[in-house]
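Okay, here's what each chain looks like letter by letter:
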Amino acid sequence: QVQLVESGGGLVQAGGSLRLSCAASGRTFSTYVMGWFRQAPGKEREFVAAIRWSGGSTEYADSVKVRFTISRDNAKNTVYLQMNSLKPEDTAVYYCAAGRSGIVYSRLGYDYWGQGTRVTVSS
(Lines give C-alpha, C1' and ligand atoms only; values in the text may rest on other atoms or scores of the structure.)
Protein backbone atom coordinates (compact mmCIF):
# COMPACT_ATOMS: atom_id res chain seq x y z
CA GLN A 1 0.00 0.00 0.00
CA VAL A 2 2.63 2.50 1.13
CA GLN A 3 6.29 1.63 0.83
CA LEU A 4 9.20 3.69 2.07
CA VAL A 5 12.82 3.08 1.14
CA GLU A 6 15.65 5.01 2.77
CA SER A 7 19.08 5.52 1.29
CA GLY A 8 22.14 7.69 1.74
CA GLY A 9 23.51 6.42 5.02
CA GLY A 10 27.15 5.64 5.56
CA LEU A 11 30.24 6.29 7.62
CA VAL A 12 31.51 9.84 7.96
CA GLN A 13 33.89 11.71 10.22
CA ALA A 14 32.66 14.20 12.79
CA GLY A 15 31.86 17.51 11.15
CA GLY A 16 30.92 15.90 7.87
CA SER A 17 27.61 15.80 6.05
CA LEU A 18 25.18 13.23 4.72
CA ARG A 19 21.97 13.52 2.76
CA LEU A 20 19.38 10.86 3.41
CA SER A 21 16.59 10.12 0.96
CA CYS A 22 13.22 8.47 1.49
CA ALA A 23 11.51 7.28 -1.67
CA ALA A 24 7.78 6.77 -1.16
CA SER A 25 5.38 4.80 -3.29
CA GLY A 26 1.62 4.65 -2.94
CA ARG A 27 -1.59 6.27 -4.02
CA THR A 28 -1.38 9.74 -2.55
CA PHE A 29 0.69 11.57 0.02
CA SER A 30 -0.94 14.99 -0.02
CA THR A 31 -2.43 14.59 3.47
CA TYR A 32 0.51 12.75 5.00
CA VAL A 33 3.09 13.81 7.52
CA MET A 34 6.53 12.44 6.72
CA GLY A 35 8.93 11.97 9.58
CA TRP A 36 12.49 10.97 10.27
CA PHE A 37 13.30 9.00 13.41
CA ARG A 38 16.51 7.48 14.63
CA GLN A 39 17.45 4.69 16.98
CA ALA A 40 20.85 4.27 18.57
CA PRO A 41 21.95 1.05 20.29
CA GLY A 42 20.24 0.67 23.65
CA LYS A 43 17.99 3.68 23.13
CA GLU A 44 14.38 4.29 22.15
CA ARG A 45 13.50 5.35 18.65
CA GLU A 46 13.36 9.14 18.78
CA PHE A 47 11.88 11.89 16.67
CA VAL A 48 14.25 13.86 14.46
CA ALA A 49 12.22 15.91 11.98
CA ALA A 50 8.91 15.98 10.11
CA ILE A 51 7.37 17.65 7.10
CA ARG A 52 3.91 17.81 5.56
CA TRP A 53 3.53 16.92 1.90
CA SER A 54 1.04 19.72 1.49
CA GLY A 55 2.45 23.10 2.40
CA GLY A 56 5.82 21.83 3.56
CA SER A 57 5.62 22.94 7.19
CA THR A 58 8.39 21.42 9.28
CA GLU A 59 9.22 20.43 12.85
CA TYR A 60 12.57 19.50 14.37
CA ALA A 61 13.94 18.03 17.52
CA ASP A 62 15.86 20.68 19.44
CA SER A 63 19.08 18.70 19.22
CA VAL A 64 19.18 18.83 15.41
CA LYS A 65 17.37 22.07 14.60
CA VAL A 66 20.43 24.09 13.61
CA ARG A 67 22.19 21.24 11.82
CA PHE A 68 19.56 19.19 9.98
CA THR A 69 17.10 20.22 7.28
CA ILE A 70 14.12 18.20 6.11
CA SER A 71 12.68 18.84 2.67
CA ARG A 72 10.50 17.19 0.06
CA ASP A 73 10.14 16.89 -3.68
CA ASN A 74 6.48 16.13 -4.32
CA ALA A 75 7.05 15.36 -7.99
CA LYS A 76 9.56 12.67 -7.05
CA ASN A 77 7.65 11.41 -4.00
CA THR A 78 10.86 11.80 -2.06
CA VAL A 79 11.72 13.27 1.33
CA TYR A 80 15.26 14.30 2.24
CA LEU A 81 17.18 14.84 5.43
CA GLN A 82 20.27 16.99 4.98
CA MET A 83 22.57 16.42 7.94
CA ASN A 84 25.45 18.81 8.50
CA SER A 85 28.02 19.17 11.27
CA LEU A 86 27.53 15.56 12.23
CA LYS A 87 28.53 14.42 15.70
CA PRO A 88 29.30 10.96 17.06
CA GLU A 89 26.05 11.11 19.03
CA ASP A 90 24.18 11.24 15.71
CA THR A 91 25.19 7.64 15.10
CA ALA A 92 22.02 5.61 14.69
CA VAL A 93 19.78 3.81 12.27
CA TYR A 94 17.58 6.44 10.63
CA TYR A 95 14.02 5.56 9.68
CA CYS A 96 11.57 7.27 7.39
CA ALA A 97 7.90 7.16 8.40
CA ALA A 98 4.52 8.28 7.10
CA GLY A 99 1.31 8.99 8.97
CA ARG A 100 -2.01 10.79 8.84
CA SER A 101 -2.79 11.23 12.53
CA GLY A 102 -1.22 14.67 12.83
CA ILE A 103 0.89 13.53 15.78
CA VAL A 104 4.31 14.46 14.45
CA TYR A 105 6.56 14.05 17.50
CA SER A 106 5.77 10.47 18.45
CA ARG A 107 6.28 7.25 16.57
CA LEU A 108 2.70 6.41 17.55
CA GLY A 109 1.51 8.93 14.98
CA TYR A 110 2.99 7.06 12.05
CA ASP A 111 1.58 4.05 10.23
CA TYR A 112 4.27 3.15 7.73
CA TRP A 113 8.00 2.71 8.18
CA GLY A 114 11.01 2.11 6.01
CA GLN A 115 13.70 -0.44 6.69
CA GLY A 116 16.19 2.12 7.97
CA THR A 117 19.58 3.33 6.84
CA ARG A 118 22.61 3.29 9.09
CA VAL A 119 24.59 6.43 9.87
CA THR A 120 27.91 6.12 11.66
CA VAL A 121 29.87 9.20 12.70
CA SER A 122 33.44 8.69 13.84
CA SER A 123 35.54 11.12 15.86
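Let me begin by describing the structure that accompanies this report. (Residues numbered from 1 in each chain as written. Predicted model: local features only at pLDDT ≥ 70, side-chain atom pairs only at ≥ 80, totals over all residues. Heavy atoms only, no water.)

Remarks on the state of the cysteines
- Per the stated rule, a full pass over the model turns up one disulfide.
- Between C22 and C96 runs a disulfide, and the two sulfur atoms are separated by 2.0 Å. One disulfide, between C22 and C96, carries an S-S torsion of -80° and so falls in the left-handed class. One end of the pair, C22, is in strand β3 (residues 18-25); the other, C96, is in strand β9 (residues 92-99), with 74 residues separating them in the sequence. (Disulfide = S-S within 2.5 Å. Helix = DSSP H or I, 4+ residues; strand = E, 2+ residues; numbered from the N terminus.)

Some thoughts on the nonpolar core
- L4, M34, W36, L81, M83 and Y94 are the most contacted members of the largest nonpolar core, which totals 39 residues.
- For this core, the elements supplying multiple residues, two or more each, are β3, β4 (33-39), β5 (46-52), β7 (68-73), β8 (78-83), β9 and β11 (117-122).
- Contact partners of L4, with chain neighbours within four places excluded, come to C22, A23, A24, M34, C96, A97, A98, Y112, W113, G114 and Q115. (Core = buried A, V, L, I, M, F, W, Y, C linked by side-chain atoms within 4.5 Å. Buried < 20%, exposed > 50% of the residue type's maximum accessible area, 1.4 Å probe, protein only. Contact = heavy atoms within 4.5 Å.)

Description of the packing of aromatic side chains
- Counting across every chain of the model gives six aromatic pairs.
- Connected via pairs of aromatic rings, a cluster forms that spans F37, F47, Y105, Y110 and W113.
- If you follow R19 out to its NZ or CZ, it ends over the ring of Y80, 3.9 Å from the centre.
- Lying across the ring of W113, R45 places its NZ or CZ 5.0 Å from the centre. (Phe/Tyr/Trp six-rings, centres within 6.5 Å; stacked < 30°, edge-to-face > 60°. Lys NZ or Arg CZ within 6 Å of the ring centre and 35° of its normal.)

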